[in-house]
Amino acid sequence: MNVEKIRQDFPALDSKRTRKAIVYFDTACQSLRPQVVIDAVNRYYLQEPACSGRSMHQWAAAVTREVDRARELMAKFLNASRAQEIIFTRNTTEGINLVANAFPFRAGDVVLVSDKEHNSNLIPWQMQVKQRGIELKIIPTCPDNTFDMDAFEALLDKRVKLVALGFTSNLDGVTIPAGEIIRKAHRVGAHVLLDAAQTAPHHPINVRALDVDFLALSGHKMLGPSGTGVLYGKYALLESLSPFLVGGDTVANSTYANCEFLPPPEKFEAGLQDYAGIIGLGAAVEYLQHIGFDTIRKQEALITYALSEQLKDISGLKIIGPADPALRGGVTTFYIEGVDSHRVALMLDQMANVLVRSGQHCVHSWFNARQIKGSVRASAYFYNTIEEANILAECLRKIRKVL
Amino acid sequence: MFCIVSFIVLSILGIFSASNRSLAKEALDCVLRRVTFRPCTTGFDEKMKAKILGVVIMRSETLARLLNKYFEALAWAFFTLLLASSIIFARGLYLFYVTGSCNGLNQAAFCVFDPSGANNQVSTFAGCLNGEGDISKLTLEGVNLSDFPTLQPESAYRVVLIGCYTCDYTRKVYDSVLTLVRRYHTQLVFLHYPVNEKNDFLSRLGYCAYQQNPEGYWRLNEELIHSDKAMLSELTNGPSLLSTLKPETNRFLEALVSEAGLDAGRVLTCANDPATEAAVQRQMNEIVKTNFYGTPTLFIGDQVFVGPKPYRVYAIALKGLFFWLRS
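This text gives an overview of the structure that appears in the document. From a predicted model like this one, the values you see are computed outputs, not experimental measurements.

### Details of the interface of chain B and chain A
Contacts between the two partners involve 14 residues from chain B, matched on the other side by 11 residues from chain A. For the pair chain B and chain A, the number of links is 3 salt bridges. Arg343(A) is the salt-bridge partner of Glu46(B), the closest N and O atoms lying 2.7 Å from each other. If you look at where chain B meets chain A, you find 4 residue pairs in polar contact (both at pLDDT 80 or more). Broken down by secondary-structure element, the contributors of at least two residues to the side of chain B that touches chain A are helix H3 (44-57) and helix H4 (61-69) of chain B.

### Re the state of the cysteines
Residues and elements named next belong to chain B. Enumeration according to the criterion identifies 4 disulfides over all chains in this entry. A disulfide bridge connects Cys 3 with Cys 30, and the sulfur atoms are separated by 2.3 Å. With Cys 3 in helix H1 (residues 2-14) and Cys 30 in helix H2 (residues 18-35), the pair connects residues that are 27 residues apart, well separated along the chain. A single burial state applies to Cys 3 and to Cys 30, both of which are buried. Residue Cys 102 pairs covalently with Cys 111 via a disulfide, S to S 1.9 Å.

### Quick word on the sheet that holds strand E14 (residues 357-359) of chain A
All names here are of chain A. The 4 strands are arranged E11-E12-E15-E14 in an open sheet whose pairing can be described as antiparallel. The open sheet has two edge strands, strand E11 (317-320) and E14, and neither has a second partner. In this sheet, adjacent strand axes meet at a mean angle of 25 degrees when their direction is disregarded. Note that strand E12 (residues 331-336) and strand E15 (residues 375-379) share 4 bridges and pair antiparallel.

### Topic: unusual backbone geometry
A cis amide bond links Pro264(A) with the next residue in sequence, Pro265(A), at an omega value of 5 degrees. When you line up the elements, Pro265(A) lands in the loop between strand E10 (259-261) and helix H11 (275-291). With omega at 0 degrees, the peptide bond leading from Thr295(B) into Pro296(B) counts as cis. Relative to the assigned elements, Pro296(B) resides in the loop between helix H12 (274-288) and strand E4 (297-300). Residue His361(A) is not a glycine yet carries a positive backbone phi of 50 degrees. Position of His361(A) relative to the elements: it lies in the loop between E14 and helix H14 (364-370). Owing to a relative accessible area of 1%, His361(A) belongs among the buried residues under this scheme. Not every positive phi belongs to a glycine, and Cys362(A) is a case in point at roughly 60 degrees. On the basis of relative accessible area, Cys362(A) is assigned to the partly exposed category, the value being 25%.

### Points about the sheet that holds E4(B)
Residues and elements named next belong to chain B. Strand order across the open sheet formed by 5 strands is E1-E3-E2-E4-E5, with mixed pairing between neighbours. Edge strands, defined here as strands with exactly one partner in the open sheet, are strand E1 (150-151) and strand E5 (303-306). Sheet analysis places E1 next to strand E3 (residues 187-192), joined by 2 bridges and oriented antiparallel. Within E3, the residue paired with Thr 150 across the bridge is Val 189. Helix H8 (residues 214-226) contacts E1 and E3 of the sheet and is inclined by roughly 60 degrees relative to E3.

### Regarding the side chain of Asn384(A)
All names here are of chain A. Residue position: Asn 384 is located in the loop between E15 and helix H15 (386-402). With a relative accessible area of 1%, Asn 384 lands in the buried category. For Asn 384, the side chain forms a polar contact with the main-chain nitrogen of Tyr 381, separated by 2.8 Å. Here Glu 388 takes part through its side chain, which lies 2.8 Å from a polar atom of the side chain of Asn 384.

Cut-offs and rules
Residues numbered from 1 in each chain as written. Chains lettered and ligands numbered in written order. Predicted model: local features only at pLDDT ≥ 70, side-chain atom pairs only at ≥ 80, totals over all residues. Heavy atoms only, no water. Contact = heavy atoms within 4.5 Å. Salt bridge = Lys/Arg side-chain N within 4 Å of Asp/Glu carboxyl O. Polar contact = N/O pair within 3.5 Å; in protein donor to acceptor, adjacent residues only side chain to side chain. Helix = DSSP H or I, 4+ residues; strand = E, 2+ residues; numbered from the N terminus. Disulfide = S-S within 2.5 Å. Buried < 20%, exposed > 50% of the residue type's maximum accessible area, 1.4 Å probe, protein only. Pairing = 2+ DSSP bridges. Axes fitted to C-alpha atoms, helices over the stretch in contact; angles between N-to-C directions.

If you want it as structure tokens, here you go:
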């Protein structure tokens, strides 16, 4: 793999243009975009800036074709049975909220989540506890933050209607054994929703092989434009759900008293969509497939390993998650005892333009339970290099000497 | 403490940059919390500290370590310095406004608002006088001013100006002084001293003009102040006898006197009269008693202004800091 050649596809990494060499280790928040994605977005605004699926003119027809194509590409990317199982959203959060609000819960139904869920996969269920009287149960993870199958099985019973889990954790990069979890959940009649925001950019996903019921992801973490996302749902399930947001383009017909909803995915895509974003997301999917997940995982593993090896020697620095870097994907989250994580992140930025995430990464519950104030997260992608990992490690060594 | 220093510095920088403006806003929030004894929860101080450390650490780890260790103490030191320099700056600004120099009245040391020191420059003369250059010796005590031209003699308050028609600094300030005394209806006593002149002809001319018609004298004064210096030098740099003047200089002089509404013939005859020379010499002797050492020198109350000060400085001396509120 020629990383330098790949980096040329990303204008944000062009130090001649940006006038500084940025070391971008914040992909878990949002990835950089290749030129092909930027071009696809620009093309929409420059050539066919029209509505999809509504007007009959030539521009509208062209946009409709492009949006349909993006849906097909995403369906193939996830190996969905049909394109209609793909609902475009703004992000993973919206996808999870859609399921949380549309799923036919009854009071007393149980939803299971793990103890290190992103707020996007925790707060929507807390709201359902208050609004519909469901019960939210937390699956504790193992001490090394890997999934505790025994704890999960102990909580599984007939009352569990939905298991909502982060497929890959944004906290430590750990990917759960989704296939086994889904099989066990289905055995008790529970449905499974996977938050794949951190999985889709790094691992191939086969929703049919997984037999997952719902899966939400964000486009902007997988090279797509900001504010794009997808909710996958088994078609039969989607048909049975009531729509969450309603309005324009969700109905076939309406009277003053009633309306006739369109079939999925339209009934879940209310209002005018982000066509430029959707088309850009399609381009991102094509680009990802062109790079290939083997290449992606190989490069991420190299960087995480190099970084972990160097961080081991820094006194007082603790890595969150399993000791084996191979289990953490491209994520290396750490904290230094007694040192504010934001300070470390700001210093890295000042010292060598190293961009990392600091704080509690929207997993406040996990940090609060362990009384850890925060951490620094360096999340690598295939466009990062070993040299960049070395720069980060060297900066951290200096910081440790000073703070 | 760091928040306060940052707020002040960033507020100033914020005038020029929007990013600094937003940081200044954060600093203000932090300051408001601190002054109300609440913790600064904005993280502003942490953020700035990290940014500073991030820059320093790349140059010297030792310095960064010291900075990290003594950050609060350094913030206090900077705050103290900032406070002290702010006070000095405010004092300088006030003094400049009130006296025309950051350093105080008649102080010629460098002032950033008057870098060339123009407000303190004077036209000096070659000969020595008692107390030359000593501001503390400038006085009107024992000086008989009754023989000198006085504008608005009915006014109770008196302003005394020692000046010279051909001196640049007197010329610069004369109109301001005239405006001042007219606006605030104050006496003006004008003491002409030929600082850069080789003879006292213009003093005698003024003396005679005043004897003939005081109002005409003030008109002549203004014309002399505003007239061409080269023409005046014909009158002041040679022998004072009219007979020796070039015809065009003579015509210039006659026109000057006539335009002031005076009888040119009588005034010029008087100026050449030996009795006039004696009277002018008496006046010179009185002026010397003031111990002045250059022009313009202006006495307003118990204050003496040496050099061409801005109008506001005279007005403040006369009517106080808020002179513009008074008629």
